[in-house]
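These are the residues of each chain, in order.
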Amino acid sequence: MCYAIPAKLIAIDGQTGTVDYFGEKRKILVDLDDLEIGDYVYAQGGVLVRKIPAAEAEEILKHWHDIFFELKKTDAALATIDQTKLSSNALHVLQKVNLRKSLTQDEMLALYELSDVQELKVLYEIANNVRQREHGNASCVHGIIEFSNYCSGNCHYCGIRKDRKLLRYRMSVDEIIATAKQAVDEYGFKALVLQSGEDFWYDDEKLITIVKAIRQMGVLVFVSIGLRSRETYRKLYEAGARAALLRFETSNKDIFAKLRPGTSLANRIQLIKDLQAMGYVLATGFIIGLPGETISDLVQNILLTKYLSPDMYSFGPLIPTDATPLGDAPKVNKDLVLKTIAISRFVDSNSNILVTTALETLDFSAKRAALLAGANSLMIDITPQYYRELYKIYDNKVDIPKEIGQNIAETVKLLYDLGRAPTDIGI
Ligand code: SAH
């Protein structure tokens, strides 16, 4: 099983390099020493993570060659647009998108207000077309290890908030490293996200041990550990972590203050900016459908994400969760999420947009729909099954009952059906 196609390094210019996948070029960050032009490497999330022996790479590339060009054909066929179904108003906005002109906030609102099934279909088709124009058929699949559900925070939406009665667990340092090793050796992952509640049992020393060990496996280490000190994040960067996932959750500061007691939007945004300044590849975004939010807030959420210029957009619907203050909030409509993906794709055409598990929890077929509405990256939960059941940031997570192998097989099949290849997405 292989989650990345080997690339050939064809140029190095300081910290930046260019790699080639069957003639397609991507820019990446060069994060290894001892490299020469002509080396074969794996890149993930725009970062060169591992060098591989030429013989091994050539063998894998031989296997991929025909498949790669087949996938491209499938992807191109799925990225066509039927504009005849569009009202003149929506057509005007979407023509601007095609001309690479930026949309006004009113135009974004107008897209959010589309409700006709045919119009929505075309909206998603155009977003998929823009994705294809910007990224070809590149896709990125990360594994996520949810290593602790202890949390000192009390966020109103979150199912692992401190005040919720829940069986709590912590994976030991050795268990986390062993889970990562299996993901890399057995399943072929080249990028791993380490996620948890805000759990200070993991002090700097423990986190550094984990990050160092996983980085040495030749993968991109992503951290998603919430509000921790700059010092901790700086040390983790030094230990080899290269990407961080930290959502601002909502751009509406009043809603933020209400839903995240004891924290402020300004501080969270400052931390996001600081992580980026430290050199982290950044994934950020928001929750869709928080009570009190309007469509204008959603437009502001997209614009704030763009302003932060992340390497990856990460947003998903609120899943109302029992015994949390938002347990009775209304269920979010799938099209609201798909529209958010499509509009984000228009506003920041070159962005990478993740499909999150929350969206799949909302609607089983949504992963496919999201990939066809502008999204281009996925995560697979590789937390050991007995812990996965307890990592209840929301209830009824879809992939809980699935074996990791089955989940991977289904994801790869979906990507093949849609003509997506695991070339890296570049920077
Ligand atoms: N403690 C880390 C990781 C949190 S979990 C942090 O604070 O960054 C990752 C994300 O799950 C959160 O950022 C939040 O956006 C999302 N989340 C939490 N509860 C949710 C819910 N009930 N529905 C949907 N998303 C939720």
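Above this text is the structure in question.
Residues numbered from 1 in each chain as written. Predicted model: local features only at pLDDT ≥ 70, side-chain atom pairs only at ≥ 80, totals over all residues. Heavy atoms only, no water.

1. Regarding the site of the ligand
Part 1 of the reasoning: Near the ligand there are 20 residues, and of these Tyr-157, Ser-196, Arg-247, Glu-249 and Ile-319 occur at the shortest range.
Part 2 of the reasoning: In isolation the ligand has 540 Å² of accessible area, and contact with the protein removes 93% of it. (Near = heavy atom within 4 Å. Areas by Shrake-Rupley, 256 points an atom, 1.4 Å probe, with all protein chains shown as cover.)

2. Topic: the sheet that holds strand β5 (residues 47-52)
Part 1 of the reasoning: Strand order around the closed barrel formed by 5 strands is β1-β2-β3-β5-β4, with mixed pairing between neighbours. With strand direction ignored, the average angle separating the axes of adjacent strands in the sheet is 50 degrees.
Part 2 of the reasoning: With 2 bridges joining them, strand β1 (residues 7-13) and strand β4 (residues 40-44) adopt antiparallel strand pairing. Each bridged residue has a counterpart across the sheet, and for Ala-7 the counterpart in β4 is Val-41. (Pairing = 2+ DSSP bridges. Helix = DSSP H or I, 4+ residues; strand = E, 2+ residues; numbered from the N terminus. Axes fitted to C-alpha atoms, helices over the stretch in contact; angles between N-to-C directions.)

3. Things to note about the environment of Ala-342
Part 1 of the reasoning: Note that Ala-342 resides in helix α11 (residues 334-347).
Part 2 of the reasoning: A relative accessible area of 0% places Ala-342 in the buried class.
Part 3 of the reasoning: In the structure, Ala-342 is positioned 25 residues away from Lys-367 in sequence and 14 Å away in space, judged by C-alpha atoms.
Part 4 of the reasoning: Those residues in contact with Ala-342 that sit more than four places away from it in its chain are Leu-123, Tyr-124, Ala-127 and Ala-373. (Buried < 20%, exposed > 50% of the residue type's maximum accessible area, 1.4 Å probe, protein only. Contact = heavy atoms within 4.5 Å.)

4. Some words on the side chain of Glu-24
Part 1 of the reasoning: If you trace the backbone, Glu-24 turns up in strand β3 (residues 24-30).
Part 2 of the reasoning: On the basis of relative accessibility, which here comes to 14%, the residue Glu-24 falls in the buried class.
Part 3 of the reasoning: Discounting residues that sit within four places of it in the chain, Glu-24 has contacts with Val-19, Phe-68 and Lys-72.

5. Some points on the nonpolar core
Part 1 of the reasoning: With 111 residues, the main nonpolar core has Ile-214 and Phe-346 as its most contacted residues.
Part 2 of the reasoning: With 8 residues, the top contributor of residues to this core is α11.
Part 3 of the reasoning: Setting aside chain neighbours within four positions, we find Phe-346 in contact with Leu-94, Val-97, Leu-103, Leu-111, Leu-123, Ile-126, Ala-127 and Val-130.
Part 4 of the reasoning: If you look at the next biggest cluster of nonpolar residues, it comprises 36 residues, including Tyr-21, Ile-60, Val-193 and Leu-245. (Core = buried A, V, L, I, M, F, W, Y, C linked by side-chain atoms within 4.5 Å.)

6. Description of the sheet that holds strand β8 (residues 220-224)
Part 1 of the reasoning: With parallel pairing, the 8 strands of this open sheet are ordered in space as β12-β10-β9-β8-β7-β6-β15-β14. Edge strands, defined here as strands with exactly one partner in the open sheet, are β12 (312-313) and β14 (354-355).
Part 2 of the reasoning: By the bridge criterion, 5 bridges tie strand β7 (residues 191-196) to β8 in an arrangement that is parallel. Bridge pairing links Leu-192 to Val-221 in β8.

7. A short note on the packing of aromatic side chains
Part 1 of the reasoning: Scanning the model with the defined rule gives 12 aromatic pairs in all.
Part 2 of the reasoning: Consider the rings of Phe-147 and Tyr-202, whose centres lie 4.8 Å apart with planes at 85 degrees: the pair is edge-to-face. Residue Phe-147 is found in strand β6 (residues 140-148), and its partner Tyr-202 is found in the loop between β7 and α6 (204-215); the two are separated by 55 residues along the sequence. Note on accessibility: Phe-147 and Tyr-202 belong to one class, buried.
Part 3 of the reasoning: Connected via pairs of aromatic rings, a cluster forms that spans Phe-22, Phe-68 and Phe-69.
Part 4 of the reasoning: Stacked on the ring of Tyr-150, the Lys or Arg Arg-170 has its end atom at 3.8 Å from the ring centre.
Part 5 of the reasoning: Over the ring of Tyr-42 we find Lys-190; its NZ or CZ atom is 4.4 Å from the centre of that ring. (Phe/Tyr/Trp six-rings, centres within 6.5 Å; stacked < 30°, edge-to-face > 60°. Lys NZ or Arg CZ within 6 Å of the ring centre and 35° of its normal.)

8. So, the packing of helix α3 (residues 105-113) against helix α10 (residues 295-307)
Part 1 of the reasoning: Packing of α3 against α10 brings their axes to within 10 Å, and their N-to-C directions diverge by 120 degrees. Here α3 is positioned oblique relative to α10, judged by the angle of their axes. Handedness of the crossing formed by α3 with α10: right-handed. Where α3 approaches α10, its residues Gln-105, Met-108, Leu-109 and Tyr-112 are matched on the opposing element by Ile-295, Ser-296, Leu-298, Val-299, Gln-300, Ile-302 and Leu-303.
Part 2 of the reasoning: Its residues assigned to classes, the contact of α3 with α10 comprises 8 nonpolar, 3 polar and no charged. (Parallel < 35°, antiparallel > 145°, perpendicular 65-115°, else oblique. Left-handed = near helix turned anticlockwise from the far one by under 90°. Nonpolar A, V, L, I, M, F, W, Y, C, P; charged D, E, K, R; others polar.)

9. Some details on empty space enclosed by the protein
Part 1 of the reasoning: As enumerated under the stated definition, the model contains 3 cavities of 30 Å³ or more in all.
Part 2 of the reasoning: Lining of the largest cavity is provided by 42 residues; of these, Gln-195, Arg-247, Glu-249, Tyr-391 and Ile-393 occupy positions nearest its centre.
Part 3 of the reasoning: Those elements that provide at least two residues to the lining of the largest cavity are β6, β7, β13 (316-317), β14, α12 (357-362) and β15 (377-381).
Part 4 of the reasoning: For the lining of the largest cavity, the element with the most residues is β15, which contributes 3 residues.
Part 5 of the reasoning: Along the lines of polarity and charge, the residues of the lining of the largest cavity split into 21 nonpolar, 11 polar and 10 charged. (1 Å grid on protein atoms, 1.4 Å probe; cavity = no way out; pocket = protein on both sides within 12 Å on 5 of 7 lines; lining within 4 Å. Points joined across faces, edges and corners; volume = space filled by probe spheres on them.)

10. A look at unusual backbone geometry
Part 1 of the reasoning: Positive phi is not limited to glycine here, since Asp-34 has a value of about 60 degrees.
Part 2 of the reasoning: By the element assignment, Asp-34 lies in the loop between β3 and β4.
Part 3 of the reasoning: Of note in the backbone geometry, Ser-309 takes a positive phi value of approximately 35 degrees without being a glycine.
Part 4 of the reasoning: Along the chain, Ser-309 turns up in the loop between α10 and β12.
Part 5 of the reasoning: Exposure remark for Ser-309: the relative accessible area of 46% places this residue in the partly exposed category.

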